[in-house]
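Here is what each chain is made of, one letter per residue.
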Amino acid sequence: KLKGDMIEDSLISEILFVFSVRAGKRVVIKKLQRILDVKQDGLIGDITINKLNSTHRNTFIFQLLLELIEFYTNVSDNSIRRDEVIDYYYKSLR
């Protein structure tokens, strides 16, 4: 379970939810935990939630978008230039 109601930032909660619909909850939770540098057990507990709620919003969203890009480029047959996509998202966070 994503425990979106415990995530203080609604944008982060929405991104995680949409990503989990496409990739699956456990995949998204493990990516979230990797970004936060906590144990990657695929379960959201107090440690993960507390770390997420205390992290810098833009930095976290940027790292999460990189995970999204990696996921979608790995499952897509389309030839997406990863550098161009990363540059686009980085500029949009400024």
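Just above sits the structure.
These figures come from a predicted structure and were not determined experimentally.

J.: What is the right way to look at the nonpolar core in this model?
T.: Across soluble globular proteins, nonpolar side chains show a tendency to be buried alongside one another. Membership of the largest hydrophobic core comes to 22 residues, with the highest contact counts inside it found for Ile12, Leu16, Phe19, Leu32, Leu52, Phe60 and Leu64. Taken together, the elements giving at least two residues each to this core come down to α1 (10-23), α2 (25-36), α3 (46-54) and α4 (57-75). With six residues, α4 is the largest single contributor of residues to this core. Excluding anything up to four places from it in sequence, phenylalanine 19 contacts Gly24, Val28, Lys31, Leu64, Glu67, Leu68, Phe71 and Tyr72.

J.: Explain α2 here, please?
T.: For an α-helix, 3.6 residues make a turn, and residues three or four places apart therefore share a direction. The terminal C-alpha atoms of α2 lie 16 Å apart, and with twelve residues this matches the ideal 16 Å at 1.5 Å per residue to within 8%. Looking only at α2, the buried set comprises Val28, Ile29, Lys31, Leu32, Gln33, Ile35 and Leu36.

J.: It is not clear to me how the pattern of salt bridges should be interpreted in this structure. Could you clarify?
T.: Side-chain pairing between opposite charges can occur once the charged atoms of the two side chains come close. Scanning the model with the defined rule gives three salt bridges in all. Among the ionic pairs, arginine 34 bridges to glutamate 67, the shortest N-O distance being 2.6 Å. Linking arginine 34 in helix α2 with glutamate 67 in helix α4, this pair joins segments that are 33 residues apart in sequence. The exposure class assigned to arginine 34 is partly exposed, which follows from its relative accessible area of 40%. Counted as one network, the salt bridges with shared partners bring together Lys31, Arg34 and Glu67.

Reading guide: rules and limits
Residues numbered from 1 in each chain as written. Predicted model: local features only at pLDDT ≥ 70, side-chain atom pairs only at ≥ 80, totals over all residues. Heavy atoms only, no water. Core = buried A, V, L, I, M, F, W, Y, C linked by side-chain atoms within 4.5 Å. Buried < 20%, exposed > 50% of the residue type's maximum accessible area, 1.4 Å probe, protein only. Helix = DSSP H or I, 4+ residues; strand = E, 2+ residues; numbered from the N terminus. Contact = heavy atoms within 4.5 Å. Expected span 1.5 Å × (residues − 1). Salt bridge = Lys/Arg side-chain N within 4 Å of Asp/Glu carboxyl O.

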